[in-house]
Amino acid sequence: YYLNSKAYGSLSYNSQRMYRYNLNSICRTKIDGVTIGNKLLKNITIAICNEMYDTWEAESSTSNANHKSRVFSVLMNYLVSMDFIPHNCMARVRKRTSTPRSVIWTHDQVVSFLDTAFTKFEWRNIGLIVMMCYEWGQRPVDIRNLKWTDIDGDVVKITQSKRGATVELPVPDNLMQMLQQQREDWDFQDYVVPHHRPQDSAYRPLTVSQMTALLREVKAIAGLPDELQVGDLRKTAIVEMIEGGVDHLAIQSVSGHKNVASLN
């Protein structure tokens, strides 16, 4: 409705593209296994908006979370003005100051984390998420939503939620062994790294809060710095490729960046 409004039509072409892209991305955000685009407006609460913000921040950055919340607020304010909803719930979310992250994992830290994570069954899923993010240089959101149908033999196909790019990547032998073991235990449901939800016995991807809690547990046991986040592994993988002399076109085919400027 908003995209057909005069308010949207009065924006510049570039602003329209940016709004449309971000609103589509926001609608694909999953909260408790349900995409925001499939929720009724009256059911979008302050609590849900807070969880959306936390999800965007954990999966990308504070800057990205602030940007998406601003775009969502534009939509919500328009709906308020048209009497579709009584107030803008996103306006009640306390935003955090954006500071560029420069944290990357060392290879030894990744190995230490995985050695610890794979010692307990309840840590295996976070171990696999870290391993896949690192091996493939992808975002946590695209890894935790990965399904068995996305893996065909020794190749995985990932459609990136942020850029919309689809990348096909080889599955290295060490990761293949772990995935084969995971499949023996979990292939009766859709997700590669599932969470069994007790209240309805459904299987869903790990939520951001569950992933963060597991990450914190393993880091503490492994004696790793608390500042390390799963989202830093994409940057880590790209930096390692650059330092290893990999051609920028080859890196873009993995990362999904459309040009060298955005890769830089």
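Refer to the preceding data block for the structure.
Residues numbered from 1 in each chain as written. Predicted model: local features only at pLDDT ≥ 70, side-chain atom pairs only at ≥ 80, totals over all residues. Heavy atoms only, no water.

### Some points on helix H5 (residues 107-117)
Turning to step 1, where the next piece is worked out: Of the positions making up H5, those classed as buried are Gln109, Val110, Phe113, Leu114, Thr116 and Ala117. Looking straight down H5, one finds its buried side chains confined to an arc of 165°; they lie on one side. Those residues of H5 that are exposed and aimed more than 90 degrees away from the buried face are Asp108 and Asp115.
Turning to step 2, where the next piece is worked out: Where H5 is buried, its residues touch helix H6 (124-136), helix H9 (208-222) and helix H10 (232-243). (Buried < 20%, exposed > 50% of the residue type's maximum accessible area, 1.4 Å probe, protein only. Helix = DSSP H or I, 4+ residues; strand = E, 2+ residues; numbered from the N terminus. Arc of directions from axis to C-beta. Contact = heavy atoms within 4.5 Å.)

### Observations regarding the sheet that holds strand S3 (residues 151-152)
Turning to step 1, where the next piece is worked out: An order of S3-S4-S5 is seen for the three strands of this open sheet, with the pairing classed as antiparallel. Either end of the sheet is taken by a strand with one partner, and the two such strands are S3 and strand S5 (166-170).
Turning to step 2, where the next piece is worked out: Direction of pairing for strand S4 (residues 155-159) relative to S5: antiparallel, over a ladder of five bridges. Residue pairing for S5: lysine 157 is matched across the bridge by glutamate 168. (Pairing = 2+ DSSP bridges.)

### Section: the side chain of glutamine 189
Turning to step 1, where the next piece is worked out: Within the secondary structure, glutamine 189 sits in the loop between helix H8 (173-186) and strand S6 (194-197).
Turning to step 2, where the next piece is worked out: A polar contact of 2.8 Å, which involves the side chain of glutamine 189, links it to the backbone oxygen of tryptophan 186.
Turning to step 3, where the next piece is worked out: If we ignore the near neighbours within four places in the chain, the residues touching glutamine 189 are Trp148, Pro194 and Tyr203. (Polar contact = N/O pair within 3.5 Å; in protein donor to acceptor, adjacent residues only side chain to side chain.)

### A few points about helix H11 (residues 248-255)
Turning to step 1, where the next piece is worked out: Listed as buried for H11 are Ile251, Gln252, Val254 and Ser255. All buried residues of H11 project into a common sector of 160° when viewed along the axis, lining one side.
Turning to step 2, where the next piece is worked out: Put simply, aspartate 247 is the residue that caps the front of H11, since its side-chain oxygen is 2.8 Å from the backbone nitrogen of leucine 249.
Turning to step 3, where the next piece is worked out: Downstream of H11 by a residue or two, glycine 256 has a phi angle that is positive, lying close to 85°.

### Topic: the environment of alanine 91
Turning to step 1, where the next piece is worked out: Its location among the elements puts alanine 91 in the loop between helix H4 (62-81) and H5.
Turning to step 2, where the next piece is worked out: Judged by its relative accessible area of 52%, alanine 91 falls in the exposed class.

### Some details on the nonpolar core
Turning to step 1, where the next piece is worked out: Residues Phe113, Ile126, Met132, Trp136 and Leu179 are the most contacted members of the largest nonpolar core, which totals 46 residues.
Turning to step 2, where the next piece is worked out: The set of elements that each furnish at least two residues to this core consists of H5, H6, S4, S5, H8, H9, H10 and H11.
Turning to step 3, where the next piece is worked out: With nine residues, H6 is the largest single contributor of residues to this core.
Turning to step 4, where the next piece is worked out: In contact with leucine 179, not counting residues within four places along its chain, are Leu128, Met132, Trp136, Trp148, Ile151, Val171 and Val192.
Turning to step 5, where the next piece is worked out: Tyr8, Cys49, Tyr53 and Val71 belong to the second-largest nonpolar core, a separate cluster that totals 24 residues. (Core = buried A, V, L, I, M, F, W, Y, C linked by side-chain atoms within 4.5 Å.)

### Quick look at unusual backbone geometry
Turning to step 1, where the next piece is worked out: With a phi angle near 55°, aspartate 32 is a residue other than glycine that sits in the positive phi range.
Turning to step 2, where the next piece is worked out: Residue position: aspartate 32 is located in the loop between strand S1 (30-31) and strand S2 (34-35).
Turning to step 3, where the next piece is worked out: Of note in this structure, serine 201 is not a glycine but carries a positive phi near 60°.
Turning to step 4, where the next piece is worked out: You can see serine 201 is positioned in the loop between S6 and strand S7 (202-205).

These figures capture arrangement, not role.
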